[in-house]
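Understanding the architecture of this molecule
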There are 2 protein chains.
Amino acid sequence: MSAKYNVLLIGAGGVGTIVAFGIDYVGKSSLSIVVRRDYTKVKDAGYNIDSVDYGKIEGWKPDNIYPTVEASAAKGTEYDFVIITTKNLPDIVKVEELVEPAVTPGKTTIVLMQNGFDLGRPFFAKYPKNVILSGVSHIGSHNSNGTIHQTQKDKSLVSYFESPSLSKELQEAKAKEFIAIYANEKNNCTYFADAKWYRYRKLVYNATLNTTCALTGVDTGRLEFSGGLEAVSIPAMREVVAVAKADGVELPDDVINAVVHSDDGDWFEPSMRVDVKKGNPIELEVILGNLLKVAGELGVETPVLTVVYNLLKVVQFRLKENQGLINLPKERPITDKVYK
Amino acid sequence: MSAKYNVLLIGAGGVGTIVAFGIDYVGKSSLSIVVRRDYTKVKDAGYNIDSVDYGKIEGWKPDNIYPTVEASAAKGTEYDFVIITTKNLPDIVKVEELVEPAVTPGKTTIVLMQNGFDLGRPFFAKYPKNVILSGVSHIGSHNSNGTIHQTQKDKSLVSYFESPSLSKELQEAKAKEFIAIYANEKNNCTYFADAKWYRYRKLVYNATLNTTCALTGVDTGRLEFSGGLEAVSIPAMREVVAVAKADGVELPDDVINAVVHSDDGDWFEPSMRVDVKKGNPIELEVILGNLLKVAGELGVETPVLTVVYNLLKVVQFRLKENQGLINLPKERPITDKVYK
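The rules we used
Residues numbered from 1 in each chain as written. Chains lettered and ligands numbered in written order. Predicted model: local features only at pLDDT ≥ 70, side-chain atom pairs only at ≥ 80, totals over all residues. Heavy atoms only, no water. Least-squares fit on C-alpha atoms with pLDDT ≥ 70 in both. Contact = heavy atoms within 4.5 Å. Axes fitted to C-alpha atoms, helices over the stretch in contact; angles between N-to-C directions. Helix = DSSP H or I, 4+ residues; strand = E, 2+ residues; numbered from the N terminus. Parallel < 35°, antiparallel > 145°, perpendicular 65-115°, else oblique. Left-handed = near helix turned anticlockwise from the far one by under 90°. Nonpolar A, V, L, I, M, F, W, Y, C, P; charged D, E, K, R; others polar. Buried < 20%, exposed > 50% of the residue type's maximum accessible area, 1.4 Å probe, protein only. Pairing = 2+ DSSP bridges. Domains from an automatic or database assignment. Buried area = accessible area lost by both parts, 1.4 Å probe. Salt bridge = Lys/Arg side-chain N within 4 Å of Asp/Glu carboxyl O. Polar contact = N/O pair within 3.5 Å; in protein donor to acceptor, adjacent residues only side chain to side chain. UniProt positions renumbered as here; feature names shortened; annotations may be inferred. Expected span 1.5 Å × (residues − 1).

Here we come to the relation of the copies chain A and chain B. With an RMSD of 0.1 Å, the fit of chain A onto chain B corresponds to turning through 180° and sliding 0.0 Å along the axis. These values place the two chain copies in the arrangement generated by a two-fold rotation axis. Both copies present the same face, since 100% of the interface residues in chain A are matched by interface residues at the equivalent positions in chain B.

Glancing now at the packing of helix α14 (residues 303–322) of chain A against helix α8 (residues 209–216) of chain B. In contact at an axis separation of 9 Å, α14 of chain A and α8 of chain B are set at 55° when each is read in the N-to-C sense. If you check the angle between α14 of chain A and α8 of chain B, you find them oblique. Like other packed secondary-structure pairs, α14 of chain A and α8 of chain B cross with a definite hand, here right-handed. Together, Leu311, Val314, Val315 and Arg318 of chain A of α14 of chain A and Thr212, Leu215 and Thr216 of chain B of α8 of chain B make up the contact between the two elements. A breakdown of the residues in the contact of α14 of chain A with α8 of chain B according to their chemical character gives four nonpolar, two polar and one charged.

Below, the discussion takes up the pairing of strand β3 (residues 47–51) of chain A. Residues and elements named next belong to chain A. Burial of β3 is one-sided: the residues Tyr47, Ile49 and Ser51 facing one way are buried, the residues Asn48 and Asp50 facing the other way are not. Across four bridges, the pairing between β3 and strand β4 (residues 55–60) is antiparallel. The residue of β4 that forms the bridge with Asp50 is Lys56. As consecutive antiparallel partners, β3 and β4 are separated by three residues. Bridging between β3 and strand β9 (residues 147–160) involves four bridges; their strand directions are parallel. Within the sheet, the bridge partner assigned to Asp50 lies in β9 and is His149.

All names here are of chain A. According to the domain assignment, chain A contains domain 1 (5–193) and domain 2 (198–322). For domain 1 versus domain 2, the separation of C-alpha centres amounts to 26 Å. The interface of domain 1 with domain 2 comprises 21 residues on the first partner and 19 residues on the second. In this assembly, domain 1 packs against domain 2 so that about 1900 Å² is buried in total across both faces, 56% of it on carbon and sulfur atoms. The largest per-residue losses of area from domain 1 upon contact with domain 2 belong to Asp91, Asn115 and Phe117, which jointly make up 37% of the total buried on that side. The interface formed by domain 1 and domain 2 contains three salt bridges. Counting across the interface, domain 1 meets domain 2 through 15 residue pairs in polar contact (both at pLDDT 80 or more).

We now examine the UniProt feature "domain: Ketopantoate reductase N-terminal" (unreviewed entry) in chain A. In this numbering, the UniProt entry assigns the feature "domain: Ketopantoate reductase N-terminal" (unreviewed entry) to residues 7–158 of chain A. Spanning residues 7–158 of chain A, this segment combines 24% helix with 38% strand, and its end C-alpha atoms are found 16 Å apart.

Phi angles above zero are rare outside glycine, and Asp118 of chain A is one such case at about 55°. For Asp118 of chain A, a relative accessible area of 25% puts it in the partly exposed group.

The next subject is the UniProt feature "domain: Ketopantoate reductase C-terminal" (unreviewed entry) in chain A. When the UniProt feature table is mapped onto this chain, "domain: Ketopantoate reductase C-terminal" (unreviewed entry) is found at residues 196–316 of chain A. Secondary structure content for residues 196–316 of chain A is 73% helix and 0% strand, while the C-alpha to C-alpha distance between its ends is 26 Å.

Here helix α6 (residues 168–182) of chain B is 15 residues long and its end C-alpha atoms lie 21 Å apart, about the 21 Å a rise of 1.5 Å per residue gives. Gln171, Ala175, Phe178, Ile179, Ile181 and Tyr182 of chain B are the residues of α6 of chain B that are buried.

This brings us to helix α7 (residues 195–206) of chain B. Along an α-helix, residues three or four apart share an orientation, since each turn contains 3.6 residues. Here α7 of chain B contains twelve residues, and its C-alpha end-to-end distance of 16 Å stays within 8% of the 16 Å for a straight helix at 1.5 Å per residue. All of the buried residues along α7 of chain B are Ala195, Tyr198, Arg199, Tyr200, Leu203, Val204, Tyr205 and Asn206 of chain B.

Another aspect to go through is the interface of chain A and chain B. Listed by partner, the interface residues are 50 residues for chain A and 50 residues for chain B. Both faces considered, chain A and chain B share a buried interface measuring about 4600 Å² in area, 63% of it formed by carbon and sulfur atoms. Our enumeration of links across chain A and chain B arrives at 30 residue pairs in polar contact (both at pLDDT 80 or more). In terms of residue count, the dominant contributor to the side of chain A that touches chain B is α14 of chain A (ten residues). Its residues placed into classes, the side of chain A that touches chain B shows 24 nonpolar, twelve polar and 14 charged.

Here it is in structure tokens:
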């Protein structure tokens, strides 16, 4: 038996479980997963999977199942890959801190299969000698009552967040190594050279349609018919394109039109809108906050995106309070601040 | 018996009924009211009123009760005053058209006891020879199950929207005439010379705190503690102050601070926020739409207010759809528009 890669996946929900199953299917890895909420259930009975890629599987388990990242590191395993498939909410949990127990400096490749933009930055600061990969997954999969329903094929693009201190060759090699342990004849996982370009391309949708729908409580169709698309989202898209350009990324001339028409025919509710509806915190900071940080550094004006961001921060405050993450006194405290 | 004024009040809900009762209490008018939704009930049993100003009254009725404005005009009565106390939603019902059957050109004084800004404009266009009064009411009163509960004293300021074609003397005289048929020892109704100044002063709150709370789903306390007050509402207030200034209205230096601290100690939910929560259409056009029209005419930049307005238009679309005022097909129509 050949030496296997030690792989840890954190966040085994709808998407993460299919990624984990794909890696297990390839068979080159000793696979561990961290399952927080459903730990006991999964430890006992494994996963039931109903997958458009892999068919119906009952009671699937990886090699190891842990309730926490700390537990996954307790035996001293040095992981070759740590894959993160959690929601990305740095204003609640900083992923670079969460994974720390499982990361061996200079060895572990960290794979961020998460939404958001400029995700490498906090990892470069904390793990300057580790490769940070970008995985953009197009998959439809959700966990309902312990069964994973994968309804859309697993198609993912893997590349790397360009580290200021590592060679391109090393980073590209690690990206391809990851693809080798994950890609199989059932899924579709390919190398895509330019993570930055791709993440900007996604932002043209996510920083604009996703955010305005979240704020106004509509789907992208109603956003169009109410006039909000043209009055707010399109100007916001132009701001994203301008930031990309200032950052050296040239998006296609027709990108705005392509993004708008990508939902043609569907009254589609984007992810942030769904999160607000369900009362879940939104991935505001990694989608819009990080973009505005870069825009500020590059001196690009983003008047529309800035107002949308500041309004959504209030929404996020409300969502966090509803989840018990913020506690306010019964009586409103009076501030003596003088406003001008 | 001396000749009485013919007075019609449209919109006898929580506020309107107390205004009507006050006019009846003074006794100088033959009072008619238009009650749409509760017509049969009010016609049969009158109003039960539990009032901080007037005490408990059972089965109060004015001289005439009509189900529609048309009905109120059917006998050919020439009204001296038509008082409008409805919600102000010109994107659903244009008040200047609604009242037309009851208005005698050159005779009827129209009293707008409604929220909003620059409300005179459509009336001047349609009724150039009629005086249009502004009534700003500070009252807490609501209608629950046919009983009017007035919890805050009726304090109102009456003046006139300055008509381009009528003398100031006439307009001021009509304002004072209206006060004479309404003010009594139980309420507090006074003349206030400058309707424009006063409406701008109210906008510093209503165009900013009211709107951002409506968009984000919080009260003014949470708006402050989440950072939205300083990031969005205060810059928006500065825009209101700038429009006022360009329009010849100098608001006090400390107006922003006074407005913010007006809710001190309360987790207060402004009216638009309450409307969104209840699923009722919001008074967006008369509060923010009219202000932005004036800002545009005066060439004042309003980048924050404009984004807030355009987002709230989407919310209004959703609220109208939920009330059956907008109907969309089951399948989203595909537009062939090219977006850039």
